[in-house]
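These are the residues of each chain, in order.
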Amino acid sequence: MSVPPSNLPITEPVPVSQEVSPVVTTPVSSDIPNAPTPEDDADQGSDTHTKVLLQNLPKNFNNVKLMEALKKHRIRGVKVTGSESGSIRTLVCPDKNTAYKVVRLTHRGRISNAKQAKALILAKPSQGKQQVKNDEEGEVEERIVDQKMPLPVKPYEEQLKDKHRVLSKLMSEMTIFGLKREAELNKCNIPDWAMDNIQQMESNFEILRKEALRQRYQAYQEQNIPIPRYMSQKYPELLSEFAGSHLPANQALPESATMETESGAITAEIPYDPVWKEKCQAIRAQYPLPPRINPPCPVFPTVASPVHTGFHNKSEFTFGVTRFGDISIGFNVGSFGNGLTQVSDIAHCVRVSPRAVQLVQKMRNYVRNVSPHPVYNRCKKSGVWRLFVTRTQASGEDMVIVQYNPTNLSDEEQQAIRDDLKRLFSTPVEGFAPVTSLYIQETPDRTDEIPQNNSLVLLDGAPLIHETLLDTQFQISPHSIFPVNTLGAERFYSIVRDWAMGKPSPLLTPTTEGIADSASSNESSDVLLDLCCGRGTIGILMAKYFRQVVGIDVDPQAVEEANSIATAKGITNAKFIAGPIEKILNTQLQQLKADGVITDSSSVVAVLDPPGKGVNTKAVCTIRWNRNINRVIFVASDFARSHKSVGMFCKPRSMSVPGFPFRCVQAVPVDLFPHTKNCVFLVELVRSGPKAKTPDTSMLQ
Ligand SMILES: C[S@@+](CC[C@H](N)C(=O)[O-])C[C@H]1O[C@@H](n2cnc3c(N)ncnc32)[C@H](O)[C@@H]1O
């Protein structure tokens, strides 16, 4: 299973089972304990001409609008260069402080009202200079909240509904638009069932949409709010129809002072009445527009994480300095390129476990009050304390890794550090239980992670800690990849297990929001394929429920680990093989047939847990072409990117996509990351065409 990272501005999905660290390890420029001084600020201000590159500006955002926005935020003396028609503009700011202000406002969507707009300071911050910004009160915390917890102010129930909405919308678009496009582009035959669905869904959608718009319109009228511009521009005919007796059909609808977009964003380019804004929001919430087209299968309500706070069992923190100049351990704030390089207090991140907070506090007090060594400065490449990693498992066992730079430390000083750390974390004191496992890592290299080399040294305690998933215990080493939300992951794995066994999952609420009931395929299988198995968590957890488990992954190291875990657990009916699915799946299935494990009539279920972007077309075609694979449980950590793979399973059979297609029968979002936008989606696909008697090799060209 894989999941995108926390909500950082630049998102490259990482496996779920992998670290989804709340830390952004951007370099810290501050040379500890020196806090920013008024002289520093004055110095920064005296620099002349700092260039800022604005990217991704919305269409029609001309220079006049840009200058007006700057003026509104009292940013003066800025010159704009760059073509007005393009999405890129360069601003020449009179000083660095002005440039920082532009960057900050842009990233908050206050320059162009477009969240996608990005700003970059082109001038390099001077090396070794204190870059800590003189932030306004509370701003750092606000940024932390933005970066690590984009939804903290939403009630959890709302977050779950949002995640359900995202999956439903993507599912609808994937199937309907995908099929239609296929038909138009390739002139291939769309099966009748799909064509009926399209027509039915489209007509339902139009009826629902019209009704929602009518109700909205009435509410605007009743509350004397001007009709928002998006309504009057997009649906003039509908509005005339709704107006009926209220308005003569040809009367122009009132211009709105609010710039409400269909998605609900209210742009603030021209002044608006704040009361209208609130009222508009309330109306939109009361009469939501239906999703564009209904999804092709039931989408169960999001399965909640059993714990909403403190669920993160692995966190990486950086030693640094707060905006008040205090030595601390926390998250890096902002980016080095912008000169925003403080760390902030972890008390603001609800995802960090209480035990991790306790460990961080202990270490912070030591570094702040006892240690003679400074924290590491990535600009000057000097200092000692670098990273602090905690693993705090639901089992109660925990691990601490302290990374420091040994350069310029004498042997005696290094020994003193080791003794101090042992005393700190391995001695029981009132209110503090010693950690199960304590590691140190001496790293002179410029790195922002715990490198996978031999430099990790067990200082005290056990080399491994343990965690139980469902009823299986796993060992965790410093580099182990393991789900970061254990209790949430248990729910995820139990749904996968139930679906793989062809049973309805008791964790799924059968009816809500138009979903009639469970669509479980109720078909059991003897053989489970754990495709993209990684270190085999799914196959190992499911082995006892199947006659045979075969795992395939392209990463030989992960496969080796999977096999050794299986052997250590005495599992004899699971084997994991290294190689790409598209190359080795056929041979593996032939082998199973030769061994008599499967026959022509056997049904095989595959759990496919690809990386965030999905799997390649060849891998999908190989699965489609193997007629014994009747069901696929697709795990999507980033469905916005991987839904194309699901669409590929559903495509009608053709020369380029051989094998009978699958269709979606049920889907569910499982929330492993409360207070973030990340969510794991599960989609069950069932073979929709007849089973071929013999493989259609002609299609495989
Ligand atoms: C999200 S991880 C799988 C995690 C794993 N299921 C678990 O529970 O630990 C995705 C895996 O897909 C593998 N992968 C990507 N493309 C592949 C391909 N074409 N064939 C086989 N494995 C592939 C990667 O090596 C990676 O281990």
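Rules used in this analysis
- Residues numbered from 1 in each chain as written.
- Predicted model: local features only at pLDDT ≥ 70, side-chain atom pairs only at ≥ 80, totals over all residues.
- Heavy atoms only, no water.
- Helix = DSSP H or I, 4+ residues; strand = E, 2+ residues; numbered from the N terminus.
- Buried < 20%, exposed > 50% of the residue type's maximum accessible area, 1.4 Å probe, protein only.
- Areas by Shrake-Rupley, 256 points an atom, 1.4 Å probe, with all protein chains shown as cover.
- Near = heavy atom within 4 Å.
- Polar contact = N/O pair within 3.5 Å; in protein donor to acceptor, adjacent residues only side chain to side chain.
- Nonpolar A, V, L, I, M, F, W, Y, C, P; charged D, E, K, R; others polar.
- Pairing = 2+ DSSP bridges.
- Contact = heavy atoms within 4.5 Å.
- Axes fitted to C-alpha atoms, helices over the stretch in contact; angles between N-to-C directions.
- UniProt positions renumbered as here; feature names shortened; annotations may be inferred.
- Right-handed = clockwise from strand over helix to strand, strands pointing away.
- Phe/Tyr/Trp six-rings, centres within 6.5 Å; stacked < 30°, edge-to-face > 60°.
- Expected span 1.5 Å × (residues − 1).
- Arc of directions from axis to C-beta.
- Left-handed = near helix turned anticlockwise from the far one by under 90°.
- Salt bridge = Lys/Arg side-chain N within 4 Å of Asp/Glu carboxyl O.

As recorded in an unreviewed UniProt entry, the chain goes by the name Methyltransferase domain-containing protein, listed as coming from Dispira parvispora.

**Student:** Which residues make up the overall build of the chain, and what values do they have?
**Tutor:** Scanning the chain for helices and strands turns up 17 helices and 24 strands. By the burial criterion, 53% of the 701 residues in the chain qualify as buried. Entry remark: accessible area of the chain is about 30800 Å², with carbon and sulfur atoms responsible for 52%.

**Student:** Run through the site of the ligand, naming residues and quoting values.
**Tutor:** The full set close to the ligand counts 19 residues, and Cys532, Asp553, Val554, Ile581 and Asp609 are the nearest of them. Between the ligand and the protein, one listed contact pairs a nitrogen atom with a backbone N or O atom of Ile581 at 3.0 Å. Contact with the protein chains removes 86% of the 610 Å² of surface that the ligand exposes when unbound. Tallied by class, residues from the shell around the ligand come to nine nonpolar, six polar and four charged.

**Student:** How would you summarise the sheet that holds strand β10 (residues 327-332) if you had to cite specific residues and measurements?
**Tutor:** Either a parallel or an antiparallel arrangement is found when strands of a sheet pair, and the pairing is made through backbone hydrogen bonds. The strand order across the open sheet formed by seven strands is β11-β10-β9-β12-β13-β14-β15, and the pairing between neighbours is mixed. Edge strands, defined here as strands with exactly one partner in the open sheet, are β11 (343-344) and β15 (456-461). Looking at chain direction, strand β12 (residues 385-392) and strand β13 (residues 398-404) are connected through seven bridges and run antiparallel. Residue pairing in the sheet places Thr390 in a bridge with Val400 of β13. Contacts between helix α11 (residues 411-426) and the sheet are confined to β12, β13, β14 (437-442) and β15, with β14 contributing the most and set at about 155 degrees to the helix.

**Student:** Report on the UniProt feature "binding site: S-adenosyl-L-methionine" (unreviewed entry) in the chain, specifying residues and quantitative values.
**Tutor:** According to UniProt, the positions carrying the feature "binding site: S-adenosyl-L-methionine" (unreviewed entry) are Asp553 and Asp609. The greatest C-alpha distance among the residues just named is 10.0 Å, despite their covering 57 residues of sequence, which places them together in space. Classification of Asp553 by relative accessible area gives buried; the value is 12%. Residues contacting Asp553, with those up to four places away along its chain left out, are Cys532, Cys533, Gly534, Val559, Ile577, Ala578 and Gly579. A polar atom in the side chain of Asp553 sits 2.8 Å from the backbone nitrogen of Asp555. Take Asp609: it is sitting in the loop between β21 (604-608) and α16 (617-625).

**Student:** Break down the pairing of β13 for me, citing the residues and quoting the values.
**Tutor:** In summary, the side chains of a regular strand alternate between the two faces of the sheet. With respect to burial, β13 is a largely interior element, seven of its seven residues being buried. Neither face of β13 is left uncovered, since the one carrying Asp398, Val400, Val402 and Tyr404 and the one carrying Met399, Ile401 and Gln403 both have all their residues buried. With antiparallel pairing between neighbouring strands as the criterion, β12 and β13 make up a hairpin whose turn holds five residues, including Gly396 at a positive phi of roughly 100 degrees. Crossover β13 to β14 through α11 is right-handed.

**Student:** If you had to explain the sheet that holds β21 to someone new, which residues and values would you point to?
**Tutor:** Overall, mixed pairing links the seven strands, which are arranged β20-β19-β18-β21-β22-β24-β23 in an open sheet. Where the open sheet ends on each side, the last strands, each with one partner, are β20 (574-578) and β23 (662-670). Each adjacent strand pair in this sheet contributes to an overall mean axis angle of 15 degrees, direction not counted. Strand direction decides the pairing type here: β21 and strand β22 (residues 629-636), joined by five bridges, are parallel. The residue of β22 that forms the bridge with Leu608 is Phe634. Of the strands in this sheet, β18 (527-531), β19 (548-553), β20, β21 and β22 touch helix α15 (residues 581-594), which is tilted by about 160 degrees from β19.

**Student:** Could you give me a rundown of the packing of aromatic side chains, with the residues and numbers involved?
**Tutor:** For the structure on display, the rule yields 10 aromatic pairs. Ring centres of Phe317 and Phe331 lie 5.7 Å apart, and the angle between their planes is 40 degrees; on these two criteria the pair is classed as tilted. Here Phe331 lies in strand β10 and Phe317 lies in strand β9 (residues 314-321), a separation of 14 residues in the sequence. Neither Phe317 nor Phe331 differs from the other in exposure class; each is buried. Taking the centre distance of 6.3 Å and the plane angle of 75 degrees together, the rings of Phe319 and Phe388 count as edge-to-face. With Phe319 in strand β9 and Phe388 in strand β12, this residue pair connects regions lying 69 residues apart in the sequence.

**Student:** Describe helix α14 (residues 556-568), and please don't skip the residues or the numbers.
**Tutor:** A rise of 1.5 Å per residue sets the reference length of α14, with its 13 residues, at 18 Å; its end C-alpha atoms lie 18 Å apart and thus fit the reference within 8%. When α14 is considered as a whole, its buried residues turn out to be Ala558, Val559, Ala562, Ile565 and Ala566. In a view along the axis of α14, the buried residues occupy a sector of 125 degrees, so they form one face of it. The exposed residues of α14 that point more than 90 degrees off its buried face are Pro556, Gln557, Glu560, Thr567 and Ala568. Considering only its buried residues, α14 is in contact with β17 (472-476), α13 (537-542), β19 and β20.

**Student:** If you had to explain the packing of helix α10 (residues 354-369) against α11 to someone new, which residues and values would you point to?
**Tutor:** Here α10 crosses α11 at 145 degrees, and the two axes come no closer than 11 Å. Every pair of crossing elements has a handedness; the one defined by α10 and α11 is right-handed. Residue-level inspection shows Leu359, Lys362, Met363 and Tyr366 of α10 in contact with α11, the latter providing Asp420, Leu421, Leu424 and Phe425. When the residues that make up the contact of α10 with α11 are grouped by side-chain class, the tally is six nonpolar, no polar and two charged.

**Student:** So, the pattern of salt bridges: which residues are in play, and what are the values?
**Tutor:** Tallying each qualifying case throughout the model produces 12 salt bridges. Between Arg355 and Asp398 there is a salt bridge, with its nearest N and O atoms 2.6 Å apart. Within this pair, whereas Arg355 is found in helix α10, its partner Asp398 is found in strand β13, the two being separated by 43 residues in sequence. On the basis of relative accessible area, Arg355 is assigned to the buried category, the value being 17%. Taking the relative accessible area as the measure of exposure, Asp398 reaches 4% and is therefore buried.

**Student:** Report on α11, specifying residues and quantitative values.
**Tutor:** Here α11 is 16 residues long and its end C-alpha atoms lie 22 Å apart, about the 22 Å a rise of 1.5 Å per residue gives. Within the sequence span of α11, burial applies to Gln414, Ile417, Asp420, Leu421, Leu424 and Phe425. Seen from one end, α11 has its buried residues packed into an arc of 125 degrees, which puts them on one side. Seen from the open side of α11, the exposed residues pointing more than 90 degrees away from its buried face are Asp411, Glu412 and Arg423.

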